[in-house]
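Understanding the architecture of this molecule
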Amino acid sequence: PDAQPAEPQAPVAEPETEAILCPQAVAAVEQSDSFADEHNVAVAETHAQQPLSVEQILAHAREVSARDAAEIQRDEVSRMRQNFAAARKAQIDVLVKEHVDNGGKAEEFQAPESAEETEFNAIITAIKEKKAAHLAQIEAEKAANLERKNAIIAEILEMAKDTDNVNRTFPHYKELQEEFNATGEVPATDETDVWKRYQEARETFSDSLKINKELRDYDFQKNLEQKELIIAEAAKLNEEPDVVTAFKNMQELQGKWREIGPVAKDLRDEVWNRFKDATQDVYRRYQAFFEERKAREAENEAGKIAICERVEALDFSQLKTYNDWEKMTEVLKEAQADWKKFGYASRKMNNALFKIFPRNGGKTH
């Protein structure tokens, strides 16, 4: 099962603080895997080729394990595990058949230990540990970034109180802005609040200090020119046919917008509203995309639940001969074939269904 982004909601913003567009939609894109990656996985699985052998999958696992943690996708690891289980089952099926052909009973067969399986499990464990360490490092860095950004905000607010030393504090104020923008990401739960407080601190500094009018007007004009360019780029995104690409590009524009300082006070509402209006079509299309996706997921979920119930209802207690087991195997293969006809269900149900169906399908051995 692969990760899926949460649904976007309509943006709520206060022009005075130039709030971040649609925090819920931002959170959707910043979840574990991108929506575009998930789309690529679905396409790859739809066009699946011939099953891989245990040796091929093991070789691929070694290659994945050698990568940097950031380059290892969770979906790829999940697919490797599913493929390995299928390939290992195919090996055992062959051994069972040979055992029966030589006069043995299928139910008495015991699969020999597999060095490949032992190595594969060790590789998967190592990948999990590598990913966990990588995520822990990222979280630690985000916490340190949050601490530094809070310190910068506090320093800007403190400087805003010193109205008699504009020429001395203004250059340092610009340096603090550059440092804030250069500091990396903070925890997702703090991002909106940090940006809002930072924007308020910048506006407090710009509005409260008795700074030189020429210097202030120059700074406002430069910010206005940069924001005009972003508004023009945002408007062009309405012509982008791929809604996922349009949304991701819009997120990048939001990041650029937040890095630019305020414009003249009498223009702030007007400039902000123009930028917000330029994004509305992208958000409407993104919302419609999710609604359509939900409808497809509901259909897939109902179909997969029906298959699970069908398999759950099978009676294995009456299987006495090898032919009986072979017939039941064909029934399960038909159920598996029907399963593959359905796409993804919701993320929560997809995880639950994948746990249920393979367990039922494994009763043949």
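Residues numbered from 1 in each chain as written. Predicted model: local features only at pLDDT ≥ 70, side-chain atom pairs only at ≥ 80, totals over all residues. Heavy atoms only, no water.

1. Quick word on the overall build of the protein
Rule in force here: The helix and strand labels rest on DSSP assignments: H or I over at least four residues marks a helix, E over at least two residues marks a strand, and numbering proceeds from the N terminus. Note on contacts: a residue pair is in contact if any heavy atoms of the two residues lie within 4.5 Å. Accessibility throughout is a Shrake-Rupley quantity obtained with a 1.4 Å probe, and a residue counts as covered only by protein chains that appear here.
Counting its secondary structure elements, the protein contains twelve helices and zero strands. In the protein, the succession of helices and strands from N to C terminus is α-α-α-α-α-α-α-α-α-α-α-α. Contacts in the protein between residues at least 24 apart in sequence constitute 80% of all its contacts with a sequence separation of at least 6. Accessible surface, the protein as shown: approximately 20700 Å² in total, 52% of it carbon and sulfur.

2. A look at the pattern of salt bridges
Applied cut-off: In the sections that follow, a salt bridge refers to a side-chain nitrogen of Lys or Arg positioned within 4 Å of a carboxyl oxygen of Asp or Glu. Relative accessible area decides the class of each residue, using a 1.4 Å probe on protein chains only: under 20% of the type maximum gives buried, over 50% gives exposed, and in between gives partly exposed.
All chains considered together, the criterion is met by 17 salt bridges. For Lys97, the salt bridge goes to Asp101, with nearest N and O atoms at 3.1 Å. Within this pair, Lys97 and its partner Asp101 are both found in helix α4 (residues 74–101), separated by four residues, close to a single helical turn. Take Lys97: its relative accessible area is 46%, and that puts it in the partly exposed class. Under the relative-accessibility criterion, Asp101 is labelled exposed at 53%. One salt bridge in this structure joins Glu185 and Lys142, with 3.9 Å as the shortest N-O distance. Pair noted here: Glu185 is in the loop between α6 (166–182) and α7 (188–208) and Lys142 is in helix α5 (residues 115–160), with a separation of 43 residues, a long-range link. Among the residues examined, Glu185 registers a relative accessible area of 56% and is labelled exposed.

3. A short note on the environment of Glu119
Our working definition: Any pair of nitrogen or oxygen atoms within 3.5 Å is treated as a polar contact; in protein, a donor-acceptor pairing is required on top of that, and neighbouring residues in sequence qualify only through side-chain atoms on both sides.
With respect to the helices and strands, the residue Glu119 is situated in helix α5. On the basis of relative accessibility, which here comes to 31%, the residue Glu119 falls in the partly exposed class. Once the C-alpha coordinates of Glu119 and Arg62 are considered, the two residues, 57 residues apart in sequence, prove to be 9.4 Å apart. Residue contacts for Glu119: discarding those within four places in its chain leaves Leu58 and Arg62. There is a polar contact of 2.7 Å between the side chain of Glu119 and the side chain of Arg62.

4. Observations concerning the packing of aromatic side chains
The following threshold applies: Whether two aromatic rings pair depends on their centres lying within 6.5 Å, for rings of Phe, Tyr and Trp, where Trp uses its six-membered ring; planes under 30 degrees apart make the pair stacked, over 60 edge-to-face, and the rest tilted.
Applying the stated criterion across every chain yields a total of 13 aromatic pairs. Seen from their ring centres, Phe180 and Tyr198 are 3.6 Å apart, and the 5° between their planes marks the pair as stacked. Of this pair, Phe180 sits in helix α6 while Tyr198 sits in helix α7, and the two are 18 residues apart along the sequence. Judged on exposure class, the residue Phe180 and its partner Tyr198 are both buried. By way of ring pairs, the aromatic residues Phe170, Tyr173 and Phe205 are connected into one cluster.

5. Observations concerning the packing of helix α10 (residues 268–312) against helix α11 (residues 322–340)
Short version of the rule: Axis lines are fitted through C-alpha atoms, for helices just across the contact stretch, and the angle between N-to-C directions can take any value from 0 to 180 degrees. The cut-offs work like this: below 35 degrees is roughly parallel, past 145 is roughly antiparallel, 65 to 115 is roughly perpendicular, and the gaps in between are oblique. Three classes are used, and their members are as follows: Ala, Val, Leu, Ile, Met, Phe, Trp, Tyr, Cys and Pro are nonpolar, Asp, Glu, Lys and Arg are charged, and the others, Gly among them, are polar.
In the contact formed by α10 and α11, the axes pass within 10 Å of each other and the chain directions differ by 170°. What the angle tells us is that α10 and α11 run roughly antiparallel. Here Lys304, Ile307, Cys308, Arg310 and Val311 of α10 lie close against α11, whose contacting residues are Leu332, Glu334, Ala335, Asp338 and Trp339. Counted by class, the contact of α10 with α11 contains six nonpolar, no polar and four charged residues.

6. Focus on the side chain of Thr183
Relative to the elements of secondary structure, Thr183 occurs in the loop between α6 and α7. Given a relative accessible area of 15%, Thr183 falls into the buried group. Once you skip the residues sitting within four places of it in the chain, Thr183 turns out to touch Asn145, Arg148 and Lys149.

7. Details of the side chain of Arg258
Examined against the element boundaries, Arg258 turns out to sit in helix α9 (residues 243–259). Owing to a relative accessible area of 15%, Arg258 belongs among the buried residues under this scheme. Looking at Arg258, its side chain comes within polar contact range of the side chain of Glu191, at 3.3 Å.

8. Focus on the confidence of the model for the protein
Put simply, the rule reads: Along the chain, pLDDT gives the predictor's confidence residue by residue, from 0 to 100.
Taken as a whole, the protein shows an average pLDDT of 79; of its residues, 78% reach a score of 70 or greater. Averaged pLDDT values over the elements of the protein bottom out at 38 in helix α1 (residues 23–29) and peak at 94 in α5. Confidence drops under a pLDDT of 50 for residues 1–48, and excluding neighbours within four residues, the segment shows 109 contacts in the predicted structure. Of the regions scoring below 50 in pLDDT, residues 359–365 engages in 19 contacts with residues more than four places distant in sequence or in other chains.

9. Some remarks on α9
Residue pairs spaced three or four apart in an α-helix point in one direction, given the helix's 3.6 residues per turn. Quick reminder of the rule: Given a helix with a known number of residues, its expected span is that number minus one, times 1.5 Å.
Taking 1.5 Å per residue, 17 residues should reach 24 Å; α9 reaches 25 Å between its end C-alpha atoms and fits that length. Listing the buried residues of α9 in full gives Val243, Val244, Ala246, Phe247, Met250, Gln251, Leu253, Gln254, Gly255, Trp257 and Arg258. You can read the cap of α9 off the contacts: a side-chain oxygen lies 3.0 Å from the backbone nitrogen of Val244, and it is on Asp242.

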